[in-house]
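Given next are the chains, with one letter for each unit.
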Amino acid sequence: METHEVWANPTTLLTLDGRVLEVFGFTDAQRFHLAFRPVLQRSKKLVTIKPESGPQLSFFYDRENADRLDAFGRLLEAAHPPR
């Protein structure tokens, strides 16, 4: 799988390489292995990444990035390994 990227806001970048979702722009990069089936949920102001196990992560996004974030979320779910 090729690497996919989307900006949530000018300082927060999400990348997906087919095995790991990474979120850059915090003190440390946040990593979510696809084995834990993380999903991206978007509310009016926040994006939340929720894995089946482990801590979730929430951050603000810019409204103009909403459609790209939704498409990235669909890509993320399609990349989950089969059960």
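Residues numbered from 1 in each chain as written. Predicted model: local features only at pLDDT ≥ 70, side-chain atom pairs only at ≥ 80, totals over all residues. Heavy atoms only, no water.

Asker: Would you mind going over the environment of Leu 14 with me for this structure?
Answerer: By the secondary structure assignment, Leu 14 is in strand E2 (residues 12-16). For Leu 14, a relative accessible area of 0% corresponds to the buried category. The spatial distance from the C-alpha of Leu 14 to the C-alpha of Glu 2 is 14 Å, given a sequence separation of 12 residues. Non-local contacts of Leu 14, meaning those with residues more than four positions away in its chain, are made with His 4, Glu 5, Val 6, Ala 8, Leu 21, Glu 22, Val 23, Leu 40, Ile 49, Phe 59, Leu 69 and Phe 72. (Helix = DSSP H or I, 4+ residues; strand = E, 2+ residues; numbered from the N terminus. Buried < 20%, exposed > 50% of the residue type's maximum accessible area, 1.4 Å probe, protein only. Contact = heavy atoms within 4.5 Å.)

Asker: Which parts of the structure should I look at to understand the sheet that holds strand E3 (residues 20-24)?
Answerer: Hydrogen bonds between backbone atoms are what pair the strands of a sheet, whose relative direction is either parallel or antiparallel. Taken in spatial order, the four strands line up as E1-E2-E3-E4 in an open sheet, and their pairing is antiparallel. In this open sheet, the two edge strands, each paired with only one partner strand, are strand E1 (4-9) and strand E4 (30-33). The average angle at which neighbouring strand axes cross in this sheet is 15°, direction not considered. Summarising the sheet, E3 and E4 pair through four bridges and their orientation is antiparallel. Looking across to E4, one finds that Leu 21 is bridged to Phe 32. (Pairing = 2+ DSSP bridges. Axes fitted to C-alpha atoms, helices over the stretch in contact; angles between N-to-C directions.)

In short, geometric facts, not functional conclusions.
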